[in-house]
Amino acid sequence: MPKTIRYRVFENPDSAAAQVAGEIAQLIRERALLDRQVVLGLATGRSPLPLYEELIYQHREERLSFSNVVTFNLDEYTGVGRNDPASFHTFMRKNFFDHVDIPARQIHFLSGTTPPAKIAAHCEAYEDLIEKHGGIDYQILGIGRSGHVGFNEPGSSIVSRTRLVELGEITRNDAARDFGDSLENVPTHALTMGCGTIMEAKRIALLAWGSAKASVVRRAIQGRVSSKVCASYLQKHEAACFYLDSPAASLLKVEK
Ligand code: F6R
């Protein structure tokens, strides 16, 4: 039987983010002492924003250096260039990379403008690069209302790898706010790390805030492990934890 995913409920997103940032900072400092790198898997979206703010604060005020950090972002929309205002590249630069000292050569993204004929090789090269760096030490995730992690929409297999995917209706509707509130402008496809790729991370922190996530959070943590809610696969991960605020945790059944 799968175990229940570990979860922690915080008063607000900022206090949860401070906890996760503290864990990441500790890992960065421990590795720095050994002259070793840390590999972080990063997400975009609303959920990780307080975490990035806290990490930037620690960089500025507590001299946390990211010089030994290597990053791999989870996903990118197809057809969206890296300098497009709606790209995940732009999001990450604006909300994190421009404010810390990660050397540019240590920052990795899937490219949304890869020509179709080269997508399979591009995705495979991304996987190889993660492996070459020794795998992801600490993966940050959000959760979509469709239950997706990365852009692994319902139906994605637990062993899926980095690939081209079609975005579902719920996901595209939620993304419209980043594309001038027009569904028409939202890409239909994306490149994403697979569920199998994500499951290989040594530690995983999934962040979810607000009542709009309460139902999917309950299904992920206390429902059956199923491709209908890909985040439920995390029940099978040894070191995955959900960091929630009270509204996101409000539908969890108290275990006796
Ligand atoms: C983003 C990503 C997505 C988001 C998810 C939640 O890189 O991979 O899985 O984490 O859609 O988005 P927010 O945090 O905006 O609710």
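Heads up: these notes are all about the structure in this document. (Residues numbered from 1 in each chain as written. Predicted model: local features only at pLDDT ≥ 70, side-chain atom pairs only at ≥ 80, totals over all residues. Heavy atoms only, no water.)

1. A look at the site of the ligand
What surrounds the ligand is a group of 14 residues, the closest being S47, D75, H148, G150 and K213. G150 places a polar main-chain atom, nitrogen or oxygen, 2.7 Å from an oxygen atom of the ligand. In isolation the ligand offers 410 Å² of accessible surface; the protein chains occlude 90% of this area. A class-by-class count of the residues in the shell around the ligand yields 3 nonpolar, 7 polar and 4 charged. (Near = heavy atom within 4 Å. Polar contact = N/O pair within 3.5 Å; in protein donor to acceptor, adjacent residues only side chain to side chain. Areas by Shrake-Rupley, 256 points an atom, 1.4 Å probe, with all protein chains shown as cover. Nonpolar A, V, L, I, M, F, W, Y, C, P; charged D, E, K, R; others polar.)

2. Structural notes on unusual backbone geometry
Phi is positive for R63, close to 55°, though the residue is something other than glycine. Along the chain, R63 falls in the loop between α2 (49-61) and β3 (69-73). Positive phi, close to 55°, is recorded for D181, a residue that is not glycine. By the element assignment, D181 lies in the loop between α5 (169-175) and β8 (189-192). (Helix = DSSP H or I, 4+ residues; strand = E, 2+ residues; numbered from the N terminus.)

3. Looking at the packing of aromatic side chains
Throughout the structure, instances matching the rule amount to 10 aromatic pairs. A centroid spacing of 4.8 Å and a plane angle of 20° characterise the contact between Y52 and F96, whose relative ring orientation is stacked. Separated by 44 residues along the polypeptide, Y52 in helix α2 and F96 in the loop between α3 (88-95) and β5 (107-108) bring together distant segments of the chain. For Y52, a relative accessible area of 1% corresponds to the buried category. Residues F97 and F109 carry aromatic rings whose centres are separated by 6.1 Å and whose planes lie at 85° to one another, so their mutual orientation is edge-to-face. Here F97, found in the loop between α3 and β5, pairs with F109, found in the loop between β5 and α4 (119-132); they are 12 residues apart in sequence, far enough to count as distant. Accessibility expressed as a relative area gives 8% for F97, which makes it buried. (Phe/Tyr/Trp six-rings, centres within 6.5 Å; stacked < 30°, edge-to-face > 60°. Buried < 20%, exposed > 50% of the residue type's maximum accessible area, 1.4 Å probe, protein only.)

4. With respect to the environment of V254
Within the element layout of this structure, V254 appears in the segment after α8 (246-249). The sequence separation of V254 and I130 amounts to 124 residues, and the corresponding C-alpha distance is 38 Å.

5. Quick look at the sheet that holds β8
Strands pair in a sheet through their backbones, by hydrogen bonds, and they do so in one of two ways: parallel or antiparallel. The strand order across the open sheet formed by 3 strands is β4-β8-β7, and the pairing between neighbours is antiparallel. Strands with a single pairing partner mark the edges of an open sheet, and in this sheet they are β4 (75-77) and β7 (163-166). Each strand of the sheet is rotated relative to its neighbour by a mean of 30°, with strand direction disregarded. (Pairing = 2+ DSSP bridges. Axes fitted to C-alpha atoms, helices over the stretch in contact; angles between N-to-C directions.)

6. Considerations on the sheet that holds β5
Pairing in this open sheet of 7 strands is parallel, and the strands run β1-β10-β9-β6-β2-β3-β5 from one edge to the other. In the strand order of this sheet, the two ends are held by β1 (6-10) and β5, each with one partner. Taken together, the 5 bridges between strand β2 (residues 38-42) and β3 define a ladder with parallel strand orientation. Within the sheet, the bridge partner assigned to V39 lies in β3 and is V70. With respect to the sheet, helix α1 (residues 13-33) is in contact with β1, β2, β3, β6 (138-141), β9 (203-208) and β10 (240-245), its orientation differing from that of β6 by roughly 160°. Along the sheet face, helix α7 (residues 214-222) touches β1, β9 and β10 and points at about 155° away from the line of β10. (Contact = heavy atoms within 4.5 Å.)

7. What to know about the side chain of Q139
Mapped onto the elements, Q139 comes out in strand β6. Leaving out residues up to four positions away in the same chain, Q139 has contacts with G41, L42, L74, M193, I198, A201, R203, I204 and A205.

8. What to know about the pairing of β6
Along β6, one buried face is formed by Y138 and I140 and the opposite face, lined by Q139 and L141, is buried too. Here 2 bridges tie β2 to β6, and the two strands are oriented parallel to one another. Each residue of the ladder has a partner; that of L40, found in β6, is Y138. Sheet analysis places β6 next to β9, joined by 4 bridges and oriented parallel. Bridge assignment links I140 to a residue of β9, and that residue is A205.

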